[in-house]
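Understanding the architecture of this molecule
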Amino acid sequence: MTDHYASTDTTSWYQQQLDEERDYVSRLYDRLDVLRDEKKQQLARIQAQGLQGSFQNQSERDSFASLYQDRINQLAAVEEQLVFGRLDTDDEVSRHIGRIGLSDDQQTRILIDWRAPDAAPFYQATAANRQGVARRRHIMMSGRTVESFEDDVLTSTESGQTSQALLSAVSAPRTGAMGDIVSTIQREQDEIIRDAMRGVLVVQGGPGTGKTAVALHRAAYLLYTYRDRLAKSGVLLVGPSEAFMNYIDQVLPSLGETGVVMRSLGTLYPGIEAQPEPDPVAAEIKGRLVMQEVIANAVALRQRNIPKTTWVTVDGIRLRVRPIQIRRAIGHARESGKPHNQAREVFVDHMVRTLYDQMRDIVSPKREDGLVNKADRSYLRQEIRQSRDVRRLLNLCWMPLTPTGLINELLSQPKYLVDAAPMLTASEIRNLLREPKAPFTEADVPLIDEAAVMLGDLVTDVGHGAKKSQQRDLDTAEAALENMHYTLEDIGVDGVVTAEMLAAAQQPEGTWYSIADRAQRDRTWTYGHVVVDEAQELSYMQWRMLFRRSPLRSFTIVGDLAQASGADPSTDWGSVLEPFAPNHWRLAELTVNYRTPARITRAAANVATSAGRRVTTPTALREGDYEPELQYTSPEELEEVLLAAVNRQFQRIPEGLLGVIAVGEDYSQVQPVLEERYPGQIWTGTGRRRDRNIALVTAQNAKGLEYDAVIIVEPQNLVHDAGDSVGNLYVAMTRATQTLTLITTASEAQLPAGLRDIKIPNS
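Residues numbered from 1 in each chain as written. Predicted model: local features only at pLDDT ≥ 70, side-chain atom pairs only at ≥ 80, totals over all residues. Heavy atoms only, no water.

A few words on the overall build of the chain. Along the backbone of the chain there are 30 helices and 22 strands. Every one of the 763 residues in the chain was classed for burial, and the buried ones make up 50%. A separation threshold of at least 6 residues defines the contact pool for the chain, and within that pool the share at least 24 residues apart is 73%. Here the chain displays about 36200 Å² of accessible surface, and carbon together with sulfur accounts for 48% of that area. (Helix = DSSP H or I, 4+ residues; strand = E, 2+ residues; numbered from the N terminus. Buried < 20%, exposed > 50% of the residue type's maximum accessible area, 1.4 Å probe, protein only. Contact = heavy atoms within 4.5 Å. Areas by Shrake-Rupley, 256 points an atom, 1.4 Å probe, with all protein chains shown as cover.)

What follows is the structure, encoded as C-alpha cells:
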C-alpha cells in the first residue's frame, strides 16, 4: 500500500530504503558466518582430542560435539531468507524479524526470532489494532541479497488488499518439498500457532488452509517458548506416510529447530518400517476398539495348562507335575498384575519352588529320629531351572513372547485367531488372516504397540546378548565379594557393597544421545507434546497408541473430517477424542484457502456434498485461471489421452510440478507409460524427489501434498478403492494449486454424482 511517510521523490526514497536494508541484512549474514565459524572451530577442537581419558570424559566430549554439530546445522538451515520482516513502532524503534534470534558481539539484539513475543505484532497488528506498530515491512530476498520490500503503513487507512508477498508465495511453482510460511503467516494462523500449550488443541480446516504449515510452525513455537518444559521430553510429530514426512522434513530445520522426532504412523514403533495396508477392510477391523480384547485374549491363550499329569527329569531324578500345580502357578502369576513376560518370572519361580520341595524330600529324606535334615540344598533350585525337561515344560505352559512374534502368529494362524477373536465374524477373520511372516502394515503397528504393553520387556533379553554379559559381570562380582568377605567385614562395609554395585562400577558410560535419538529408540518414551497431522484418518487403536506417548494429554491435532477416506467418517471431533481426552480438548478453525483456487474448490466440494458428506468450505484466496476438466475416453485410448493431458499441463505450468494420481490396476497401467515417455522424471512417492517433475502417487500417499497441476486417472476407482467413500477423491482434487484434469473410461452414469457437472474440455 502507499507509504505516507515517503518523501515526495518516491523512487529516490525507495532506493535509499532498499540500500539501507541491504546493508543491514549483509551485516546479519556476516554475524551468522562468525557464529557458524566459532562452532566449527569448537567442534574441531573437541574432535581433535580423540578417545582419551575416562569414560565420563569421553561421554562429555560426545555431548559437546553433538551440541556443537546441532548448532552448526541450525545456523546452516536458516541460511535462506534469514530475515524477512521489519517492524517500525510508534516510538521510532525498528526491529528486524527473522528465522532465529541473533545478537552482536556486544550482546545487543540485532535480529528478533519470529517466535519471540516482540515479533508477534508482525503477524497480528492491523490498522484497527496496531499494537504500537506504525509500519510493517515485508522483505523479499534472493540468496543473501534484498531484492525488494513491501510496506504496510498501519497509521493510514488499511486497504484490506492481500499483500503481494502472500500472493507471490501461494502462486509460486511447487518444488516437491514443503516450504515454511514464516514470512507470510496470517493473523488467524498466528493465533493458533501461539496458543498456550495446554490440553488438546484441534485445528480443523478445509483443503489448502495451511493446517500442516500451522502445525509445524506451532511445534517450533512451543519448543522456543516452553524450552525448559520440553527440553527433557521432546516433541513428537506424526504424519500419515513416508512420502508426507519426506515432503515436510526441511520445514522445522528452516525454522531453527532440529530436535523434533518426526515419524509416520508406519514407523512409530521402534524397529518397524510398515507398509501401507493394502486392504481397507482389514485396516478398518484392525482399528476397532475390540482389538484390545483380541490381543488380551491372544496373550492369555499363551498361558496354558497341561492336559494331564506329566513327569520331568532333573539330574536323573523324576519329578511329577500335575495340572493343578500349573493352574495354581498361572493364577498366582496373573494375580501379580505384571505384564506377561514379567509375570512369567512369577510363574517360573512358583513352579521351581513346587519342584524344589518335591526334589528336596527325595534327596534329603527325614532322619530316623524324625527330624528334618537341615543340609543346604539351595543348589537344587539352579539344577531345576537348568533342567531341559523343566524348561521345555514351563515354556510350553508360559512362553516368553515378543510383540511382533505375537501379532505375526495371531494374524497367520487361523485357529489362534478364531480362539482369540470369538466376537468377530467368519468373514472378518478371513479378512485379517495373511501369510506367515508377511510384512507388517501400518494398521499392524498399533496392534504391535498394544501387545508390547501387555507383554512387557523380555526378562532374559536386554538386547543383543547384553543380558548374558551383564550376568557374567554379576557372577564375577559375586565371586570377588565372596573372596573379599573377611576383608570387607574387618573394615565394616560387608553387606554395604553389593554385587550389583560392584558390577555397575566396571561398566563404561553409555554413548551420548540427543533427546530425539533416545526418544525414537525407546518404545516407552513419553513426550512433552505431540503434533498429529492428517488426524481425520486415525483409527481408535492408532489414537490409543498416540495418547500412550503423551500421558499429560498435550497435543496439537490438525485435520479435516471431510477428507477422511473411510466410508463412515466421524462427523465431529468430540466423538473421536472423548474416549481419550474427555472435556480436555478445544477447537480452532482455519477459514482461508491459500492453496486451491476457488474454481477447483467448488468442484471438489460439489463431489463431496453430492455424496452426503459435510465439508468445510474456506474462502479461497484466488479464483484461479483454469476451470477443472473432465475428459472421457476409451480404455484403448487412455494412455494416449493421459500423455496429451500431461503435455497440456506442462504448457500451462512450464516450470511446475505435476501430480498424477491413480490407484490399483490403474496405477500399474500408467506407471510404465509415463516412465517410457518421461525417463528419469517420474517420482513414485518414495525417497527424495530431487529434480523429477512428475509425481505418480496413490490417493492415500497424496494426502497432505500439493502440486501445481493434478491429473486424476479413473476418478471413480478412487471411490471404489476406498469402500465407496468419496474422501480420497475429494483429497486428490484439492491437491492442485493451479489446474486439475480428470480422465475416465467410465460412462457418465458410472461416475460419482458431483463429477458430472465438471466441464468437458474442447478437443
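Let's shift gears to the confidence of the model for the chain. A residue-level look at the chain finds 83% of positions with pLDDT of 70 or above and a mean pLDDT of 85. Contacts of residues 1-7 to residues separated by more than four positions or lying in other chains number 20 contacts, the stretch itself having pLDDT below 50. Counting interchain partners and residues more than four positions distant, the pLDDT-below-50 stretch residues 486-498 has eight contacts. (pLDDT = per-residue confidence, 0-100.)

Taken in spatial order, the six strands of this open sheet run 9-8-12-13-7-14, and their pairing is parallel. Each edge of the sheet is formed by a strand with only one pairing partner; in this case those strands are strand 9 (261-264) and strand 14 (585-590). On average, each strand axis in the sheet is inclined to that of its neighbour by 15°, with strand direction left out of account. Of the pairings in the sheet, the one linking strand 12 (residues 529-532) to strand 13 (residues 555-559) comprises three bridges and is parallel in character. For Val531, the partnering residue across the bridge sits in strand 13 and is Thr556. Against the sheet, helix 6 (residues 211-225) contacts strand 7 (200-205), strand 8 (235-239), strand 12, strand 13 and strand 14, and its axis sits at roughly 170° relative to strand 13. Its contacts with the sheet put helix 24 (residues 540-548) on strand 7, strand 8, strand 12 and strand 13, and the angle it makes with strand 13 is roughly 150°. (Pairing = 2+ DSSP bridges. Axes fitted to C-alpha atoms, helices over the stretch in contact; angles between N-to-C directions.)

A few words now on the packing of aromatic side chains. On inspection of all chains with the given rule, the structure shows nine aromatic pairs. Here a set of aromatic residues connected by ring pairs shows up, and it is made of Tyr540, Trp543, Phe547, Phe555 and Phe580. Sitting above the plane of the Phe149 ring, Arg137 keeps its charged end 4.0 Å from the centroid. Looking at Arg302, its charged tip hangs above the ring of Tyr416, at a distance of 3.7 Å from the centre. (Phe/Tyr/Trp six-rings, centres within 6.5 Å; stacked < 30°, edge-to-face > 60°. Lys NZ or Arg CZ within 6 Å of the ring centre and 35° of its normal.)

As a further point, take the nonpolar core. Counting residues in each nonpolar core, the largest one holds 80 residues, and the members touching the most others are Trp114, Leu237, Ile661, Ile712, Leu729, Met733 and Leu742. Ranked by residue count, the leading element in this core is helix 6, at nine residues. Core analysis: the next-biggest nonpolar cluster, separate from the first, contains 57 residues, Leu411, Ile515, Val532 and Ala581 among them. (Core = buried A, V, L, I, M, F, W, Y, C linked by side-chain atoms within 4.5 Å.)

This part is about the pattern of salt bridges. A side chain of one charge can pair with a side chain of the opposite charge if their charged atoms are brought near each other. Applying the stated rule across the entire model yields 42 salt bridges. Salt-bridge contacts for Arg136 lead to Asp152; the nearest nitrogen and oxygen are separated by 3.3 Å. In this pair, Arg136 sits in strand 5 (residues 133-142) while Asp152 sits in strand 6 (residues 145-153), placing the two residues 16 residues apart along the sequence. (Salt bridge = Lys/Arg side-chain N within 4 Å of Asp/Glu carboxyl O.)

Moving on, we get to the UniProt feature "binding site: ATP" (unreviewed entry) in the chain. Taking the numbering used here, the UniProt-annotated feature "binding site: ATP" (unreviewed entry) corresponds to Gly205, Gly206, Pro207, Gly208, Thr209, Gly210, Lys211 and Thr212. Relative to the helices and strands, Gly206 resides in the loop between strand 7 and helix 6. On the basis of relative accessible area, Gly206 is assigned to the buried category, the value being 0%. In this structure Gly206 touches Lys211, Asp560, Gln563, Thr616 and Pro618, once residues within four positions along its chain are discounted. Along the chain, the position of Pro207 falls in the loop between strand 7 and helix 6. Not counting residues up to four positions away in its chain, the partners in contact with Pro207 are Asp560, Gln563, Asn593, Arg595, Pro618, Tyr730, Thr734 and Arg735. (UniProt positions renumbered as here; feature names shortened; annotations may be inferred.)

Attention now goes to helix 6. Between the first and last C-alpha of helix 6 there are 20 Å, a value that for 15 residues agrees with the 21 Å anticipated at 1.5 Å per step. Here helix 6 lies mainly inside the structure; 13 of its 15 residues are buried. (Expected span 1.5 Å × (residues − 1).)

A few words on the sheet that holds strand 21 (residues 707-713). Read across the sheet, six strands follow the order 17-22-21-18-20-19 without closing on themselves; strand pairing throughout is parallel. Of all strands in the sheet, those bounded by a partner on one side alone are strand 17 (629-632) and strand 19 (682-683). As paired elements, strand 19 and strand 20 (residues 694-697) share two bridges and run parallel to each other. Of the residues in strand 20, the one forming a bridge with Trp683 is Ala695. With respect to the sheet, helix 28 (residues 664-677) is in contact with strand 18 (658-661), strand 19, strand 20 and strand 21, its orientation differing from that of strand 20 by roughly 160°.

Our focus in this paragraph is the side chain of Gln292. By the secondary structure assignment, Gln292 is in helix 11 (residues 291-300). Since its relative accessible area comes to 17%, Gln292 is described here as buried.

Time to look at a positive patch on the surface. There is a patch of like positive charges on the surface, built from Arg320, Arg322, Arg327 and Arg328. Tracing the sequence through the fold places Arg320 in strand 11 (residues 317-321). For Arg320, a relative accessible area of 41% translates into the label partly exposed. (Patch = residues over 30% accessible without salt bridge, like charges linked within 9 Å, V, L, I, M, F, W, Y side chains within 5 Å. Lys, Arg positive; Asp, Glu negative; His and termini not counted. Charge placed at Lys NZ, Arg CZ, Asp CG, Glu CD.)

The phi dihedral of Glu92 falls on the positive side, at around 65°, and the residue is not glycine. Within the element layout of this structure, Glu92 appears in the loop between strand 1 (83-89) and strand 2 (94-98). Overall, Glu92 belongs to the exposed group, its relative accessible area being 76%. The phi dihedral of Gln131 is positive, around 55°, even though this residue is not glycine. Along the chain, Gln131 turns up in the loop between helix 3 (120-124) and strand 5.

Attention now goes to the packing of helix 13 (residues 340-363) against helix 14 (residues 379-386). As a packed pair, helix 13 and helix 14 sit with axes 9 Å apart at the nearest point and diverge in direction by 120°. On the basis of the axis angle, helix 13 is oblique to helix 14. Read as a crossing pair, helix 13 and helix 14 show a hand that is right-handed. Counting all contacts with helix 13, which are made through Val348, Asp349, Val352, Leu355, Tyr356, Met359, Arg360 and Val363, the residues of helix 14 involved are Leu380, Arg381, Glu383, Ile384 and Arg385. Across the contact of helix 13 with helix 14, the residue classes break down as eight nonpolar, no polar and five charged. (Parallel < 35°, antiparallel > 145°, perpendicular 65-115°, else oblique. Left-handed = near helix turned anticlockwise from the far one by under 90°. Nonpolar A, V, L, I, M, F, W, Y, C, P; charged D, E, K, R; others polar.)

By the criterion of burial, strand 21 is predominantly enclosed, with seven of the seven residues buried. Two elements, strand 18 and strand 21, share four bridges in a ladder whose sense is parallel. When the bridges of strand 21 are listed, Val660 appears paired with Ile711. Sheet analysis places strand 21 next to strand 22 (residues 736-744), joined by six bridges and oriented parallel. Counterpart to Val713 in the pairing with strand 22 is Ile743.

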